[in-house]
Amino acid sequence: MEWSSRRSVIRMNGDKFRRFVKAPPRNYSVIVMFTALQPQRQCSVCRQANEEYQVLANSWRYSSAFSNKLFFTIVDYDEGADVFQQLNMNSAPTFMHFPPKGKPKRADTFDLQRIGFAAEQLAKWIADRTDVHIRVFRPPNYSGTIALALLVSLVGGLLYLRRNNLEFIYNKTGWAMAALCVVFAMTSGQMWNHIRGPPYAHKNPQNGQVSYIHGSSQAQFVAESHIILLLNAAITMGMVLLNEAATSKGDVGKRRSSLTSWLLVLCSKPATFDTNMPGRPGSGGLFLQLPFVDIPFQIPWLPI
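Residues numbered from 1 in each chain as written. Predicted model: local features only at pLDDT ≥ 70, side-chain atom pairs only at ≥ 80, totals over all residues. Heavy atoms only, no water.

## Considering the UniProt feature "transmembrane region" (unreviewed entry) in the chain
To be explicit about the condition: UniProt positions are given in the numbering used here, feature names are shortened, and annotations may be inferred rather than shown by experiment. Secondary structure elements are taken from DSSP: a helix is a run of H or I of four residues or more, a strand is a run of E of two residues or more, and numbering for both begins at the N terminus.
Using the residue numbers shown here, the UniProt feature "transmembrane region" (unreviewed entry) corresponds to residues 142-161, 173-192 and 227-246. In residues 142-161, the share of helix is 95% and the share of strand is 0%. The end C-alpha atoms are 28 Å apart. Measuring from the first to the last C-alpha atom of residues 173-192 gives 28 Å, for a span that is 90% helix and 0% strand.

Right, here's the structure in full:
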């Protein structure tokens, strides 16, 4: 309680963890965040998860329901590597609940990969495990409001300057390009990047090799989503140009060569990685699959 009065999250090393968390008897629950916050670890998701964890701990510390039944602690890898080894833990961040009696069960480990690490989700998980309900209070953040006001002002100013000529609003090509940009951003995993905050790439500290594609099917790097975005854009542009080459009235030889080139692009599938792996961010059939399936169908007479 004395430590909690000084700070909402208690930092622990191996000795403190074994004495106040593992050793019985205890009449309180402990939420432990296992993380790696040192700059040399290059764990951006650890820093973001720590911010949410601090918000949750502060909400509990300064609430009227605060008691000695629940404490928030943190174990950093560089301060308690022996704790990680003792628990056979090889990833960070990880949230665990240590009940007053008995050993932690499977449900006492927070499913960060599936739920995320938002403070509200952590509070709901804690309520399920401890029956302690925490109302999350966030500090005011006006950046979103300011950005929205600037955007509205910019759009309003543009419309005012062009008030005598608003034909560009009815430009189908412009609206199509804007819609495609949104689709490319969503299908490439940009929203996942915004939520999880992965690094742009990974550099192996042993050999210095830089990896732009994550080896797991449950994560991705920012560079990987950019590659997906460019490939989606190339395929979409290929479809557009393929249609243009088929319907234009230019030279037949140039049209045939253009058709052949873009068909080869559309029928090729990158062999570096497969975005259709189950659970992979940005997955969902982004590329055409080979071999093609011939489907017989009939078309009424058309002037081709």
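Anyway, onward from the coordinates.
## Here's the deal with the packing of aromatic side chains
Definition in use: The pairing test for Phe, Tyr and Trp rings, Trp by its six-membered ring, is centres within 6.5 Å, and the orientation test on the planes gives stacked under 30 degrees, edge-to-face over 60, and tilted for anything in between. For every residue, the accessible area (1.4 Å probe, protein chains only) is compared with the maximum for its type, and the residue is labelled buried under 20%, exposed over 50%, or partly exposed between those bounds. Definition used: whenever NZ (Lys) or CZ (Arg) falls within 6 Å of the ring centre and also within 35 degrees of the ring normal, the charge is taken to sit over that ring.
Enumeration over the complete set of coordinates arrives at 11 aromatic pairs. Judged by centre distance (5.7 Å) and plane angle (85 degrees), the ring pair of Phe34 and Phe84 falls under edge-to-face. One end of the pair, Phe34, is in strand β2 (residues 29-35); the other, Phe84, is in helix α4 (residues 81-86), with 50 residues separating them in the sequence. Each member of the pair, Phe34 as well as Phe84, carries the same accessibility label: buried. Within the aromatic cluster, the residues linked to one another by ring pairs are Phe17, Phe34, Tyr77, Phe84 and Phe98. Stacked on the ring of Trp3, the Lys or Arg Lys16 has its end atom at 4.9 Å from the ring centre. The ring of Tyr62 has Arg61 sitting right over it, with the charged end atom 5.4 Å from the ring centre.

## As for the sheet that holds strand β4 (residues 94-98)
We apply this condition: Strand pairing is assigned whenever DSSP detects at least two bridges linking the two strands. Every axis in this analysis is a line fitted to C-alpha atoms, fitted for helices over the stretch in contact. Angles between the N-to-C directions lie between 0 and 180 degrees. It only takes one pair of heavy atoms within 4.5 Å for two residues to be counted as in contact.
One open sheet accounts for four strands, arranged β1-β3-β2-β4; its pairing is mixed. Each having just a single partner strand, β1 (9-11) and β4 make up the two edges of the open sheet. Taken pair by pair, the neighbouring strands of this sheet meet at an average axis angle of 30 degrees, ignoring direction. Inspection of the sheet shows β2 paired to strand β3 (residues 70-76) by seven bridges, in the parallel sense. Note that in β3 the partner of Val32 across the bridge is Thr73. Contacting β2, β3 and β4, helix α6 (residues 119-130) crosses the sheet at an angle of about 25 degrees to β4.

## So, the pattern of salt bridges
What counts here: By definition, a salt bridge exists where a carboxyl oxygen of Asp or Glu is found within 4 Å of a side-chain nitrogen of Lys or Arg.
Throughout the structure, instances matching the rule amount to eight salt bridges. The partner of Glu2 in a salt bridge is Arg6, and the shortest N-O contact between them spans 2.8 Å. Remark: Arg6 and Glu2 occur in helix α1 (residues 2-6); sequence separation between them is four residues, near one turn of the helix. Under the relative-accessibility criterion, Glu2 is labelled exposed at 53%. We note a salt bridge from Glu79 to Arg11, for which the minimum N-O separation is 3.0 Å. Placement of Glu79 in the loop between β3 and α4 and of Arg11 in strand β1 is noted, with a sequence separation of 68 residues between them. With a relative accessible area of 29%, Arg11 lands in the partly exposed category. Among the ionic contacts, a cluster of salt bridges with common partners joins Asp15, Arg18 and Asp82.

## Concerning the side chain of His97
Under the convention used in this document: Definition of a polar contact: a pair of N or O atoms within 3.5 Å, with one able to donate and the other able to accept a hydrogen when the atoms are protein atoms, and with sequence-neighbouring residues admitted only if both atoms are side-chain atoms.
The topology assignment puts His97 in strand β4. Here Ser29 takes part through its side chain, which lies 3.4 Å from a polar atom of the side chain of His97. With near-sequence residues (within four places) excluded, His97 lies in contact with Ser29, Val30, Ile31, Pro104, Asp108, Trp125, Arg129 and Thr130.

## Considerations on helix α2 (residues 14-22)
The criterion, for reference: The reported arc concerns the directions from the helix axis to the C-beta atoms and nothing else.
For α2, every residue scored as buried is listed here: Gly14, Phe17 and Val21. Projected onto a plane normal to the axis of α2, the buried residues spread over an arc of 65 degrees and lie on a single side. Away from the buried face of α2 by more than 90 degrees, exposed residues Asp15 and Arg19 are located. For α2, the secondary structure elements touched by its buried residues are β2, β3, α4 and β4.

## As for unusual backbone geometry
Of note, the bond from Pro24 into Pro25 is cis; its omega dihedral lies within 30 degrees of zero at -5 degrees. Inspection of the secondary structure puts Pro25 in the loop between α2 and β2. The omega torsion across Ala92 and Pro93 is 0 degrees, close enough to zero to call that bond cis. Among the structural elements, Pro93 can be located in the loop between α4 and β4.

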